[in-house]
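A closer look at the structure
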Amino acid sequence: NRRIVLAARPEGAPRLSDFRVETGPVPEPAHGEVLLQTLALSLDPYMRNLMDPVGPGYAPPVALGETMVGGTVSRVVASRHPDLRPGGLVLANAGWQDFTLSDGSDLLPLDSGSAPALPPSLSLGALGMPGFTAHVGLLDLAQPRPGETVVVAAATGAVGANVGQLARLHGARAVGVAGGADKCRHAVQVLGFDACIDRHAPDFAQRLAQACAQGIDVYFENVGGAVLDAVLPLLNPGARVPVCGFIAHYNGPMEGASATDQRPALLATVLQKRVRLQGFIVLDHYGERFEHLRRFRERMHRWIEEGRVHAQEHVVDGLLQAPQGLIDLLAGRHLGKTVVRVAEA
Ligand code: NDP
């Protein structure tokens, strides 16, 4: 069993030396347990937060020497559990390793679904945690109305791509922000965003203002940093800002950041324009025994099959490439949902 452990706590962006590969025997399931083989491992920005000594609050940090955590699509390869049969696929939290044990309580069995079957790894992306995050933040919290302008950064990423597409499906205008011309083209031509602005453009703030001539009604906050600065003056009264993440700050202070604290401006805007700035954690919304997640998955499955939602994946080949995959993810060197192909499905 190969596992990738946290070898050192990163300072700034993570480096390969922050990870270490260890090997050990494949564990044996005890009574009531299953042995899971990882088929696909999700890589997500929160993993950077869990590498810090103090965690983000909703999950404990990974201890030095411990296996990196992560969502997986796994196969049951041996079972001493009454309800889980060998061969079945499950959504699991096996982490960065080939094999793990589970008592079944944290597993969501994945039925093969109707033909044409979608790749099981989509359950880590559009059909899983990031897709559901977009759904909760945009539809449950922000509730965009037809004709309103929705802005999301990291627009071609795992969450942002779904935010834009769900906004369009609900009749809103979707304006994306992404790193580079290629990503922006993808956002408009493949994902159907009405516009997408390159955050590296020198006149980024001006271009964003031009693309949001009627102001911004919903800002789905994924990044913070310079994008938030450019968004604040464009927010309409009564705008909704579901706060999903602040990836620009995950590696510590931003390069070239001004010494001016932006928080007072943020709070003043929230107060004066009656903005609902609401944090949420997707895990709270999965429902009793995943009932809400299941309902969401049925709708999203249909939309993907009907071609109304495009589910792009960035596949990293092999478990040992996971550290580089996370480094690339944080640096934005990917398109769509990053998944590690650990074993053949
Ligand atoms: P992505 O696939 O979107 O990858 C991260 C992207 O962030 C990069 O591709 C890059 O896109 C962008 N980015 C990186 N650095 C910066 C920066 N300094 N300024 C602006 N953009 C930057 O990741 P996810 O879709 O998985 O996650 C998006 C956000 O959602 C994250 O903040 C994450 O923590 C959060 N999240 C929150 C959840 C919750 O429950 N609250 C659940 C899931 C995710 P580009 O180069 O194109 O700009």
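Procedures and definitions
- Residues numbered from 1 in each chain as written.
- Predicted model: local features only at pLDDT ≥ 70, side-chain atom pairs only at ≥ 80, totals over all residues.
- Helix = DSSP H or I, 4+ residues; strand = E, 2+ residues; numbered from the N terminus.
- Rg over C-alpha atoms; globule rule 2.2 N^0.38 Å.
- Buried ≥ 20, exposed ≤ 12 C-beta atoms within 10 Å, placed from the backbone.
- Core = buried A, V, L, I, M, F, W, Y, C linked by C-beta atoms within 7 Å.
- Contact = placed C-beta atoms within 7 Å.
- Pairing = 2+ DSSP bridges.
- Right-handed = clockwise from strand over helix to strand, strands pointing away.

The chain goes by Putative NADP-dependent oxidoreductase in an unreviewed UniProt entry, where it is assigned to Hydrogenophaga intermedia.

From N to C terminus, the chain includes nine helices and 15 strands. Over its C-alpha trace the chain gives a radius of gyration of 20 Å, about what one expects of a compact globule, namely 20 Å for 345 residues. A principal-axis box enclosing the C-alpha atoms of the chain has dimensions of 60 × 45 × 35 Å. Going through the 345 residues of the chain one by one, you find that 44% of them count as buried.

By size, the foremost hydrophobic cluster in this structure holds 61 residues, and its most contacted members are V151, A155, V177, Y219, F220 and V231. In terms of residues, this core owes the most to one element, helix α2 (residues 129-142), which gives seven residues. Contact partners of V231, with chain neighbours within four places excluded, come to V151, I216 and Y219.

Below, the discussion takes up the pairing of strand β9 (residues 173-178). The buried count for β9 comes to six of six residues, which makes it a mostly enclosed element. Covered by surrounding structure in β9 are R173, V175 and V177 together with A174, G176 and A178, the residues of both alternating faces. Summarising the sheet, strand β8 (residues 149-153) and β9 pair through five bridges and their orientation is parallel. Bridging across to β9, A153 finds its partner in V177. Handedness of the β8-helix α3 (residues 160-169)-β9 crossover: right-handed.

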